[in-house]
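# Structural features, examined
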Amino acid sequence: MGSTFGILQLALKSLQSQQAALETTGHNIANANSAGYTRQSVLLDATPSDDVAARGRLAGPGMYGSGVQVQAYQRIRDAFTDTQWRQQTARQGQYQSASDVLSQIESGVNEPSDSGLSTQLDSFFNAWQDVSIDPENTAARQSLTEGAASMAAIFHDTRASLTDLATNLGTQQTGDINTINTIATQIAALNTSIKNATVAGLQPNDLLDSRDNLLDQLATYGDYTISTDSLGQDTVTLAGKNIVDPTVAGGTTPLAASDITASLPTTGKLRSTYDMINTTIPGYVSDLDTIAGALITSVNAVQTAGFDLNGTAGVAFFTGTDASNINVSAALLGNPDLVAASSSATAAGNGDNALAAADLRDQALIGSSTISGSYQSFISDLGVQSQNAQHQLANAQSLVQNLSARRQEVSGVSLDEEMTNMLQYQHAYSAAARVLSTMNTMLDDLINTVA
Amino acid sequence: MSEITLADINNTRQQLETVQEQLASGSRISKPSDDPYGASMLLQIGDSSTRADESGRALTDAEGWLSQTDSSVQSLIDLTNRAKELGQQALGAVDATDRANMAQEVDQLIESVKGDANQTWGDRYIFAGTNTSKPPYVSTDDLYHGDTGNVTREIGKGVQLNINITGQSLIGDGTSGLLKTLRDLSADLKANNVNNIETNDLPGLTTGLNTLLSAESTVGALQNRVQIAQTRLSSLQLSLQQAKSDTGDADYAQLAVTFNSRSASLQAALQAAANINQSTLMDYLK
């Protein structure tokens, strides 16, 4: 048997505990729509029996209860799902960036269309054939040189769209690195607050939420590992560097572009951007350069072997060596009579050399493929790569979606559940209050009667 | 739950957009990633089809060239027949004055022969070999001023057709051939050398005529080949058109059906979302 007023204490503890539970429910409801908020629940626990607590031995028929207390405010979160979500988000970031860039390349090459390079290459060879049919016709020659000039312009444009894209990606990468470093600084600040709270014996749920939120934001940029020390501080390692590191002053070591090169992230936007800048785009540029180069070399070889309308030996048709500097030679543009259509110095009507130039379209000038064939496989490669990125993106997106749903199931606030809890705590509170008032009546009876 | 509903709605909407884009543009492939293989096929078909158009131009040009050649050769045959007639008349009961008059006509014939041999197609001399910018015959001499080059047209991928006959092989260059025979005839008529006309000039004219007739049949055969090539080309163009349409064009009937089914499922998803997100426990608690 406890003290007379012990039951008042018991009722008070009950009231306080139910109130704390109600407060937590209110907190959950208030944050139902907050990004990254983790549902909290109050762990209520019976306080130790008075017998044991006060006297250290059993008395009478056995233990009797001494009430309730809040043991912990729990944060309902599944670390495994978090890890998975972050990995998939990194993949999503990677393919999102890749498919964006590739679709920009696709719109840069503008194929299949009537104005793309493919059509221009066809027209170029056709124009040679036109000249071969009517070699004395200046109009045919003119349309050959003008057409070639516009083809050269498209080579320039396409290549420039690729190199510009690489430059923009470089800028974007710098921006991404800045964002990462900003996030790292914020995480470091939270690390300190979390440490202080932990040292004081508090459970810093909302700080942990904020930190998880930042870690989620970081996920899209690359895959990273986290290790947590005994004081709850996280060390985050990205691209081989501890970007958040509680052991150093300031808590961070900023990421630099050179770190990415030194230790490439496996996935994430950083990886995709790196691959695009260093592999994919240079690959396409070199494909384009090879095509332009083969065109320049082969057409010039045919040209210099022939004779122009005046019977003079032909001059080079194109200047330049690759897609960036291919141009129709200025002399030919000014005077199309200089196109060497003839294979003989004396025969104006001989279009054999022009025909030889037109026939270049059927020759395997790049490995075992023709110029058009090589360009077609360039387009087809690009298409396959872009399609692949889109498929991977769709795949990663649906995985992230599923994982988000799972996270929501575990950590999200269900209003229905909170409402139920609220009713439960409310009734418990009322009941505790009733215990108090009953005790009050009993004491009243006792004091008034006895007195 | 609401996130997934939203993602589903967005997904359906995106699919609907793709169908709508195809319907509006009428083409199934607007960028390489829509169908990488199809896109490269389209480029190849485009290549073949512009080539076919180009061959078509070459064929039209060859056709004109050959029909011009044909009519010139025809006219040369008529002229030679007339010369032969005159030669035959000269063997009959005519006197020296008549023969001198005949010689006058033969001289006219020679000019006409040169005129025919200087025929042009466009501004190109068709009997001058590849030296097509200058007339192969001039009035001051009987020499051939062209060359022996071949004028060729590509009538199909890698198929070259030689479409010209040189004036030299047709009427000679003043030292042999038809032109020389006509000059001899004229001289013999003027010299009243009947014997020479009978033994040399008339057989010479027959030989010249045979050359012309065989040239005419050659031209006829070439015209046939060009015609066949044209027929084949138009059927090729048709099948390329077909292939292009099969590869790249949107199938409207199918798209219309897809569009309807997708828009139905979008509406269903929206309806479901509206119903699901409407009610909570709060509606039932007082």
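Look up: the structure comes first, before these words.
Cut-offs used in this document
- Numbering of residues begins from 1 in every chain and follows the order in which that chain's sequence is written.
- Each chain is given a letter, starting from A, and each ligand a number, starting from 1, according to the order in which they appear as written.
- The model is predicted, so local features are restricted to residues of pLDDT at least 70 and side-chain atom pairs to those at 80 or more, both for listing and for counting; the totals for chains, interfaces and linings are taken over all residues.
- The side-chain quantities take in all heavy atoms of the structure and omit both hydrogens and water.
- Starting at the N terminus, helices and strands are each numbered in turn, a helix being any DSSP run of H or I of at least four residues and a strand any DSSP run of E of at least two.
- Note that the radius of gyration is over C-alpha atoms, with the globule rule given as 2.2 Å times the number of residues to the power 0.38.
- Think of it in three bands: residues with accessible area under 20% of the maximum for their type are buried, residues over 50% are exposed, and the middle band is partly exposed, with areas taken using a 1.4 Å probe on protein chains only.
- By the convention used here, residues are in contact when the closest approach between their heavy atoms is within 4.5 Å.
- Only the protein chains shown count as covering a residue, and every accessible area follows the Shrake-Rupley method with a 1.4 Å probe.
- Under the counting rule used here, the positive set is Lys and Arg, the negative set is Asp and Glu, and His together with the chain ends is not counted.
- The atom standing in for a charge is NZ when the residue is Lys, CZ when it is Arg, CG when it is Asp and CD when it is Glu.
- Between rings of Phe, Tyr and Trp, where Trp is taken as its six-membered ring, a pair exists when centres lie within 6.5 Å; planes separated by under 30 degrees are stacked, by over 60 edge-to-face, and by other angles tilted.
- Here, a charge over a ring means that NZ of Lys or CZ of Arg falls within 6 Å of the ring centre while also lying within 35 degrees of the ring normal.
- Should DSSP find at least two bridges between two strands, the strands are taken to pair.
- Summed over both partners, buried area is the accessible surface (1.4 Å probe) that two parts give up on being assembled.
- Salt bridge criterion: a side-chain nitrogen from Lys or Arg within 4 Å of a carboxyl oxygen from Asp or Glu.
- To count toward a patch, a residue needs a relative accessible area above 30% and no salt bridge. Like charges then connect within 9 Å, nonpolar side chains (Val, Leu, Ile, Met, Phe, Trp, Tyr) within 5 Å.
- The definition of a polar contact used here is a pair of N or O atoms within 3.5 Å, where within protein one atom must be able to donate a hydrogen and the other to accept one, and adjacent residues in sequence count solely through side-chain atom pairs.
- One less than the residue count of a helix, multiplied by 1.5 Å, gives the span that helix is expected to have.
- Lines are fitted to the C-alpha atoms to define the axes, a helix being fitted only along its stretch in contact, and any angle between axes, read from their N-to-C directions, falls within 0 to 180 degrees.
- We call a set of buried residues a nonpolar core when its members are Ala, Val, Leu, Ile, Met, Phe, Trp, Tyr or Cys and they connect through side-chain atoms within 4.5 Å of each other.

## Brief notes about the overall build of chain A
Helices and strands together make up the secondary structure of chain A, namely 12 helices and 7 strands. Relative to its length of 451 residues, chain A is extended, with a C-alpha radius of gyration of 39 Å against a globular reference of 22 Å. Seen through its principal axes, chain A has C-alpha atoms that stretch 145 × 45 × 30 Å. Out of the 451 residues belonging to chain A, those deemed buried represent 45%. Across chain A, every contact between residues at least 6 apart in sequence was considered, and the portion connecting residues at least 24 apart equals 72%. Summed over all atoms, the accessible surface of chain A reaches about 20000 Å², with 53% contributed by carbon and sulfur. Each charge sign in chain A was given a centre, from 19 positive and 43 negative side chains, and these centres are 18 Å apart.

## Brief notes about the packing of aromatic side chains
Residues and elements named next belong to chain A. A complete count under the given rule lists 9 aromatic pairs over all chains for this structure. Ring geometry for Phe124 and Trp128: centres 6.2 Å apart, planes at 85°, overall edge-to-face. Of this pair, Phe124 and Trp128 both sit in helix α4 (residues 117–133), 4 residues apart, which is roughly one turn of that helix. Here Phe124 matches Trp128 in class, with each residue buried. Here Arg407 stacks its cationic end above the ring of Trp85, 4.2 Å away from the centre of that ring.

## Let's talk about the pairing of strand β4 (residues 234–238) of chain A
Residues and elements named next belong to chain A. Taken across its 5 residues, β4 has 4 buried, putting it largely inside the fold. Bridge count between strand β3 (residues 224–228) and β4: 5 bridges; the pairing is antiparallel. Among the inter-strand pairings, Ile226 is bridged to a residue of β4, identified as Val236. Hairpin geometry of β3 and β4 is characterised by an intervening segment of 5 residues between the two adjacent antiparallel strands and by a positive phi of about 85° at Gly232. Inspection of the sheet shows β4 paired to strand β5 (residues 241–244) by 3 bridges, in the antiparallel sense. Looking at β5, one finds that Thr237 is bridged to Asn242. Between the antiparallel neighbours β4 and β5 lie 2 residues, among them Ala239 with a positive phi of about 50°.

## A look at unusual backbone geometry
In the segment running from Glu111(A) into Pro112(A), the intervening peptide bond is cis, with an omega of -10°. Structurally, Pro112(A) can be placed in the loop between α3 (79–109) and α4. At Ala239(A), a position not held by glycine, the phi torsion is positive, near 50°. Relative to the helices and strands, Ala239(A) resides in the loop between β4 and β5. Within the chain, Asn192(B) stands out as a residue other than glycine whose phi angle is a positive 60°. Tracing the sequence through the fold places Asn192(B) in the loop between α5 (178–190) and α6 (194–248). Its relative accessible area of 32% is what places Asn192(B) among the partly exposed residues.

## Description of the interface of chain B and chain A
Contact residues are listed per partner, giving 37 residues for chain B and 41 residues for chain A. Interface area, chain B with chain A, both sides summed: about 3400 Å², of which 54% is carbon and sulfur. On the chain B side of the contact with chain A, Pro32(B), Leu43(B) and Glu54(B) bury the most area, a combined 18% of that side's loss. Where chain B touches chain A, the interface holds 3 salt bridges.

## Quick look at a nonpolar patch on the surface
Judged by side-chain polarity, Leu446(A), Ile447(A) and Val450(A) come together as a nonpolar surface patch covering roughly 310 Å² of accessible area. Its relative accessible area of 65% is what places Val450(A) among the exposed residues.

## What about the side chain of Thr38(A)?
Residues and elements named next belong to chain A. Summarising the element assignment, Thr38 is placed in the loop between α1 (6–30) and β1 (40–46). Among the polar contacts listed, one links the side chain of Thr38 to the side chain of Asp209, at a separation of 2.5 Å. Apart from the residues within four sequence positions on either side, Thr38 is in contact with Arg75, Ile76, Arg77, Asp209 and Ser411.

## Describing the environment of Leu393(A)
Residues and elements named next belong to chain A. Checked against the element boundaries, Leu393 lands in helix α11 (residues 371–411). Judged by relative accessible area, which is 9%, Leu393 ranks as buried. In the structure, Leu393 is positioned 365 residues away from Asn28 in sequence and 34 Å away in space, judged by C-alpha atoms. Residues in contact with Leu393, not counting those within four places in the same chain, are Gln92, Tyr95, Gln96 and Ser99.

## As for α11(A)
For α11(A), with 41 residues, the first-to-last C-alpha span of 58 Å sits near the 60 Å given by 1.5 Å per residue. Among the residues of α11(A), the N-terminal cap falls to Thr370(A), whose side-chain oxygen and the backbone nitrogen of Gly373(A) are separated by 2.9 Å.

## Side note on the sheet that holds β3(A)
Residue and element names in this part refer to chain A. What the 3 strands build is an open sheet, ordered β3-β4-β5; its pairing is antiparallel. Pairing within the sheet leaves two strands with one partner each, and these edge strands are β3 and β5. The sheet shows a mean angle of 35° between the axes of neighbouring strands, direction not considered. Sitting on the sheet, helix α6 (residues 205–219) is in contact with β3, β4 and β5, with an inclination near 160° to β3.

## As for the nonpolar core
Counting residues in hydrophobic clusters, the biggest one holds 55 residues, and the most contacted among them are Phe124(A), Leu295(A), Phe317(A) and Phe318(A). Where this core is concerned, the elements lending two or more residues are α3, α4, α5 (138–199), α8 (268–305), α10 (352–358) and α11 of chain A. At 12 residues, α8(A) tops the list of elements feeding residues into this core. Ignoring sequence-local partners within four residues, the contact set of Leu295(A) consists of Leu121(A), Phe124(A), Phe125(A), Met151(A), Phe155(A), Phe318(A), Ile326(A) and Ile371(A). Among the nonpolar cores identified, the runner-up in size contains 48 residues, and Ala83(B), Val106(B), Ala117(B) and Leu205(B) belong to it.

## A closer look at the pattern of salt bridges
Residues and elements named next belong to chain A. The tally for this structure, following the rule as stated, stands at 29 salt bridges over all chains. Linking Asp176 and Lys269 is a salt bridge whose minimum nitrogen-to-oxygen distance equals 3.4 Å. Of this pair, Asp176 sits in helix α5 while Lys269 sits in helix α8; the two residues are 93 residues apart in sequence, bridging distant segments of the chain. Here Lys241 ties to Asp259 by a salt bridge, and the two come within 3.0 Å at their closest N and O atoms. Here the residue Lys241 occupies a position in strand β5, and Asp259 occupies one in helix α7 (residues 257–262), the gap between them amounting to 18 residues. Assessed through its relative accessible area of 24%, Lys241 is described here as partly exposed. One connected set of salt bridges, linked through shared partners, spans Arg75, Arg77, Asp82, Arg86, Asp209, Asp212, Asp216 and Arg407.

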